[in-house]
Amino acid sequence: HFNHFFKGFWKFPFAKSEDFIIGPAYTFPEFRGKGFYTISLMFIINYIKKYYPNVQHIYIFAHEKNNPSLRIIKKLGFEFVGFLRKDLLGRYIPL
């Protein structure tokens, strides 16, 4: 399993410098359904809150058809805010 997180990254122009973006994540098929995604998200969220106590927003992005990930994200208390599309420069722009 791997997971990325960024602080106010240029690819996400909607995020402010004090915001964090989590994703993308990938779990190898043989490890799916074993809780790795949940554990990694909890670790990252706790890390951000501990070392960046002034964080304003934490965004997590997942593919719209990835129902297992979307269920976990919702279970951890996040809410859906919208869809993104990639522009020609590789930035993620809200629709």
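Scope of this entry: the structure provided in the associated data block. A quick note: this is a predicted structure, and the numbers were derived from the prediction, not measured.

Now for the pairing of strand β2 (residues 20-26). When strand β1 (residues 2-7) meets β2, the two strands line up antiparallel, connected through five bridges. Bridged to Lys7 within β2 is Phe20. Note on the crossover from β2 through helix α1 (residues 36-51) to strand β3 (residues 58-60): the handedness is right-handed.

This brings us to the environment of Phe78. Position of Phe78 among the secondary structure elements: in the loop between α2 (67-75) and β4 (84-86). Apart from residues no more than four positions distant in its own chain, Phe78 is found in contact with Ile45, Ile58, Ile60 and Ile73.

Close contact between α1 and α2 brings their axes to 10 Å; oriented N to C, the two are set at 40°. Between α1 and α2, the interaxial angle falls into the category oblique. α2 is crossed by α1, and the crossing has right-handed handedness. On the side of α1, the interface is formed by Tyr37, Thr38 and Leu41, while α2 contributes Ser69, Ile72, Ile73 and Lys75. Classifying every residue of the contact of α1 with α2 by side-chain character gives four nonpolar, two polar and one charged.

Each value, and the rule that gives it
Residues numbered from 1 in each chain as written. Predicted model: local features only at pLDDT ≥ 70, side-chain atom pairs only at ≥ 80, totals over all residues. Heavy atoms only, no water. Pairing = 2+ DSSP bridges. Helix = DSSP H or I, 4+ residues; strand = E, 2+ residues; numbered from the N terminus. Right-handed = clockwise from strand over helix to strand, strands pointing away. Contact = heavy atoms within 4.5 Å. Axes fitted to C-alpha atoms, helices over the stretch in contact; angles between N-to-C directions. Parallel < 35°, antiparallel > 145°, perpendicular 65-115°, else oblique. Left-handed = near helix turned anticlockwise from the far one by under 90°. Nonpolar A, V, L, I, M, F, W, Y, C, P; charged D, E, K, R; others polar.

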